[in-house]
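Structural characterization, general
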Amino acid sequence: MGRAYNSLIKNSSAGARHARRRICSEPNMTILQLISQRASAALDAVGAAGAPAHVQPASKPEFGDYQINGVMAAAKQLRCNPRELATKVLAVLDLAGIAEKLEIAGPGFINIHLDRQFLADKCQLALTDAHLGVELPTRRRVMVEYSSPNLAKEMHVGHLRSTIIGDALARVMSFLGHEVVRANHVGDWGTQFGMLTAFLVENHQDDAGLALNDLEDFYRKAKIRFDESPEFADRARDYVVRLQGGDEQVLQLWRRFVEVSLAHCQAVYTTLGVGLGREHVHGESAYNDDLPVVVEELTRAGLLTENDGAKVVVLEEFRTQDDKAMGVIVQKKDGGYLYTTTDISAIRYRHATLGLDRVLYVVDARQSQHFQQLFTICRKAGFAGDMQLQHIPFGTMMGDDGKPFKTRSGGTVKLIELLHEAEERAFALVSAKNPDLEEGERRHIAHAVGIGAVKYADLSKSRVSDYIFNWETMLSFEGNTAPYLQYAFTRVQSVFRKAGDYDAAAPIVLEEAAEKQLAVALAQFDDVVLAIESDCYLHGLCQYLYQIATLFSRFYEACPILKSEGALRASRLQLAALTARTLRTGLDLLGIEVLDTM
RNA sequence: GCACCCGUAGCUCAGUUGGAUAGAGUGUCAGUUUCCGAAGCUGAAGGUCACAGGUUCGAUCCCUGUCGGGUGCACCA
């Protein structure tokens, strides 16, 4: 029945080849990888083999660009003085061509000031590479399961985070060269659909489209009818049986309902600019025929026991209220199946038929226990093989009052209406700032800004915690927001409109502090994106892009570009060009549009 | 009762397998319009990292306990 709770049923809330050669023997290593490798080698050489180097970007500018923190822990293990060990490490540490200055600081930190030519070369390489210099990891088949609404009702704000986070993850995985399979595991099966199809028959059977124009309203009326009329409730139950039994007449009604509901979803996806279409829909109904097979296979694997007529997988790893092994029911005593059964079937399909290497479930944190149980069962039954299964949890979207986001009257907010409000608010802002633009242009900008703001507000916070939804802060042009980043991008574009022709292959020369600081940040793009591949946290990329925008502004204040001449001007334009490409690429990974003017 | 998550500046949030004087934005105050578009930039003030112990050269981070908030826990999804 989809991944979201159904609050009406349950009463809870729900360059350059030469540059490449000069950098190092292994092309395109990230700075972190490169320094870590060299630092580990140095630790090995001084007798601290295997000690982690603990390399990280410097915590403060006065500490240089990167720092090695692992020496102190190694000294502890070797029972020697950390500063003396640091001196020995420094003597053998080979960062030739990478660092221009190394120093020992504090109790035994090694601070690294990167070499300007090294940085310039890395930026130059990024500028000529389609992937901004990111070395692609081994290609894998990665599924991102996200959005997954319940088709019985319209999408509401509860579906927003999964849809936004999942789509960004799919974009990042795809950028990194993986074969990405997007999956929309919609809730299109179950008892509710008996009620809904029965109600459809009673009402506008001839014009389902009209009746289902407002799905929310339709559902509410059906539920009232179900609760008030025992006769209707019986018919609804009969429809469930007929639906699951393959009765063509009921199936036809069901298909009609699903079609209309999916059309509602598609309107949201289109507005949101999310890469989900009909081809990605693989709902719960698709696994229906396999469910008895799942039960058989579990029996064969010796995992199934019967309890009070229900078929149960008992897991010692999970405890009940009275501290007994917890059972997970896969088949009810009336013969019906549960969503765990469907999920098990989906895992079998994804492993055996799709041959995936990794599956990411972008689903509400509240379902974490369900996924732990699901993964445990599949591992024990051998259904997943080596396929990596990961629940990517996220917190709840809250209103200004810190409680789950609702309308003023306490109802659920339709997602499509929220998105339209974002566009309207952005339109008002753009019209106020720039009234001379034609309305069509302002509408276009408002769409990018409004939707971008909603997405960025979500993505820029750590996904695991709840976050507070606030129109004013997300639509502000100041601070760490989408509009600020979009504006920063248009400013760089504006520089190029005035610059005229310039040498796109000109060498980058880093003299001023502001130039170097910007270059260091630009050279970290690969490390930032690769981190997402493993931890699936997107807020690091947001923070990074904001830093790029800020560093560019400082660079722009400190270093004249257009007023400079010759090689200096060309070099600075190169930095501006890489800034623009980094912002555009990064925002694109987040699913946020950039604009040339706004 | 058991399990998981959370508690950091007035507010919204970062803080990497334990590192240096805990950071950013916003708001407040002050300064700044000689290259793009001030929707910018610079600076200041703002902290008992919920609390109490422990581990150690070093703890916002790890361990134990307490308080406070949230979520989940067998025939819904």
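Residues numbered from 1 in each chain as written. Chains lettered and ligands numbered in written order. Predicted model: local features only at pLDDT ≥ 70, side-chain atom pairs only at ≥ 80, totals over all residues. Heavy atoms only, no water.

**Description of the overall build of chain A**
- In terms of helices and strands, chain A carries 22 helices and 13 strands.
- A total of 598 residues make up chain A; the buried ones form 54% of that total.
- Accessible surface computed for chain A: about 26400 Å², of which carbon and sulfur atoms make up 49%.
- If the 65 positive side-chain charges of chain A are averaged to one point and the 76 negative ones to another, these points end up 3 Å apart. (Helix = DSSP H or I, 4+ residues; strand = E, 2+ residues; numbered from the N terminus. Buried < 20%, exposed > 50% of the residue type's maximum accessible area, 1.4 Å probe, protein only. Areas by Shrake-Rupley, 256 points an atom, 1.4 Å probe, with all protein chains shown as cover. Lys, Arg positive; Asp, Glu negative; His and termini not counted. Charge placed at Lys NZ, Arg CZ, Asp CG, Glu CD.)

**Focus on the packing of helix α6 (residues 160–175) against helix α16 (residues 439–459)**
- Interhelical geometry of α6 versus α16 gives an angle of 85° and a closest axis separation of 10 Å. As summarised for this structure, α6 and α16 are arranged roughly perpendicular, according to the angle between their axes. Only Val454, Lys455, Asp458 and Leu459 of α16 make contact with α6, whose side of the interface consists of Leu160, Arg161, Ile164, Ile165 and Ala168.
- A per-class count over the contact of α6 with α16 returns 6 nonpolar, no polar and 3 charged. (Axes fitted to C-alpha atoms, helices over the stretch in contact; angles between N-to-C directions. Parallel < 35°, antiparallel > 145°, perpendicular 65-115°, else oblique. Contact = heavy atoms within 4.5 Å. Nonpolar A, V, L, I, M, F, W, Y, C, P; charged D, E, K, R; others polar.)

**Thoughts on the pattern of salt bridges**
- Overall, the coordinates contain 34 salt bridges when judged by the stated rule.
- With a closest N to O distance of 3.2 Å, Glu202 and Arg235 form a salt bridge. Placement of Glu202 in helix α7 (residues 191–202) and of Arg235 in helix α10 (residues 230–245) is noted, with a sequence separation of 33 residues between them.
- Under the relative-accessibility criterion, Glu202 is labelled partly exposed at 31%. (Salt bridge = Lys/Arg side-chain N within 4 Å of Asp/Glu carboxyl O.)

**Observations concerning the pairing of strand β6 (residues 179–183)**
- Two elements, strand β5 (residues 141–145) and β6, share 5 bridges in a ladder whose sense is parallel. Residue pairing in the sheet places Val144 in a bridge with Arg182 of β6.
- Crossover handedness for the path β5 to α6 to β6: right-handed. (Pairing = 2+ DSSP bridges. Right-handed = clockwise from strand over helix to strand, strands pointing away.)

**What to know about helix α12 (residues 291–300)**
- Within α12, the full set of buried residues consists of Leu291, Val294, Val295 and Leu298. In a view along the axis of α12, the buried residues occupy a sector of 100°, so they form one face of it.
- Summarising the contacts, the buried residues of α12 are in contact with β7 (304–307), β8 (310–319), β9 (325–331), α13 (339–353) and α14 (368–381).
- Positive phi appears at Gly302, one or two residues downstream of α12, with a value of about 75°. (Arc of directions from axis to C-beta.)

**Brief notes about unusual backbone geometry**
- Even without glycine at this site, His54 takes up a positive phi of about 50°.
- Its location among the elements puts His54 in the loop between α2 (31–45) and β1 (55–57).
- Here the phi dihedral of Arg79 falls at roughly 55°; this positive angle occurs in a residue that is not glycine.
- Among the structural elements, Arg79 can be located in the loop between α3 (70–78) and α4 (82–92).
- What makes Arg79 exposed here is its relative accessible area of 78%.

**Comments concerning the packing of aromatic side chains**
- Considering all chains together, one arrives at 17 aromatic pairs under this definition.
- With centroids separated by 5.2 Å and ring planes inclined at 85°, the aromatic side chains of Trp189 and Trp254 adopt a geometry described as edge-to-face. Here Trp189 is found in the loop between β6 and α7, whereas its partner Trp254 is found in helix α11 (residues 248–272), with 65 residues between them in sequence.
- Relative accessible area serves as the criterion here: at 11%, Trp189 is assigned to the buried category.
- Residue Trp254 is classed as buried on the basis of its relative accessible area of 10%. (Phe/Tyr/Trp six-rings, centres within 6.5 Å; stacked < 30°, edge-to-face > 60°.)

**Focus: empty space enclosed by the protein**
- Roughly 80 Å³ of internal volume is contained in the second largest cavity.
- Around the second largest cavity, the lining residues are Lys122, Cys123, Leu125, Ala126, Leu132, Gly133, Leu522, Ala523, Phe525, Asp526 and Leu578.
- Broken down by secondary-structure element, the contributors of at least two residues to the lining of the second largest cavity are α5 (116–128) and α20 (525–535).
- In terms of residue count, α5 provides more of the lining of the second largest cavity than any other element does, 4 residues in total.
- Tallied by class, residues from the lining of the second largest cavity come to 8 nonpolar, 1 polar and 2 charged. (1 Å grid on protein atoms, 1.4 Å probe; cavity = no way out; pocket = protein on both sides within 12 Å on 5 of 7 lines; lining within 4 Å. Points joined across faces, edges and corners; volume = space filled by probe spheres on them.)

**Description of the confidence of the model for chain A**
- A residue-level look at chain A finds 94% of positions with pLDDT of 70 or above and a mean pLDDT of 91.
- Of all helices and strands in chain A, the one with the weakest mean pLDDT is helix α1 (residues 16–23) (37), whereas β6 scores best (98).
- Low pLDDT, under 50, characterises residues 5–25; the stretch is placed with 39 contacts to residues that sit more than four places away or in other chains.
- This prediction of the complex comes with two scores: 0.94 for pTM and 0.95 for ipTM. (pLDDT = per-residue confidence, 0-100.)

**Overview of the sheet that holds strand β3 (residues 99–105)**
- Read across the sheet, 4 strands follow the order β1-β2-β4-β3 without closing on themselves; strand pairing throughout is antiparallel. Each edge of the sheet is formed by a strand with only one pairing partner; in this case those strands are β1 and β3. On average, each strand axis in the sheet is tilted by 25° relative to the strand beside it, whichever way the strands run.
- The pairing of β3 with strand β4 (residues 109–114) spans 6 bridges and is antiparallel. Note that in β4 the partner of Ile104 across the bridge is Ile110.
- Along the sheet face, α2 touches β1, β2 (66–68) and β4 and points at about 145° away from the line of β1.

**Re the sheet that holds β5**
- The strand order across the open sheet formed by 4 strands is β6-β5-β10-β11, and the pairing between neighbours is parallel. Strand pairing shows two members of the sheet lacking a second neighbour, β6 and β11 (388–392), which therefore form its edges. Going from strand to strand, the sheet's axes swing by 20° on average, the running direction of each strand aside.
- Summarising the sheet, β5 and strand β10 (residues 358–362) pair through 4 bridges and their orientation is parallel. Bridge pairing links Val144 to Leu360 in β10.
- Set on the sheet, α13 makes contact with β5, β6, β10 and β11; between it and β10 the angle comes to about 145°.

**Considerations on the environment of Gln266**
- Looking at the secondary structure, you find Gln266 in helix α11.
- The partly exposed category is assigned to Gln266, whose relative accessible area is 24%.
- When sequence neighbours within four positions are dropped, the list of residues in contact with Gln266 reads Leu276, Gly277 and Arg278.

**Considering the pairing of β8**
- With 4 bridges joining them, β7 and β8 adopt antiparallel strand pairing. Within β8, the residue paired with Thr305 across the bridge is Val312.
- Hairpin remark: β7 followed by β8, antiparallel, with 2 residues in the connecting loop; positive phi at Asp308, about 55°.
- By the bridge criterion, 6 bridges tie β8 to β9 in an arrangement that is antiparallel. Along β9, the bridge assignment pairs Val312 with Ile329.

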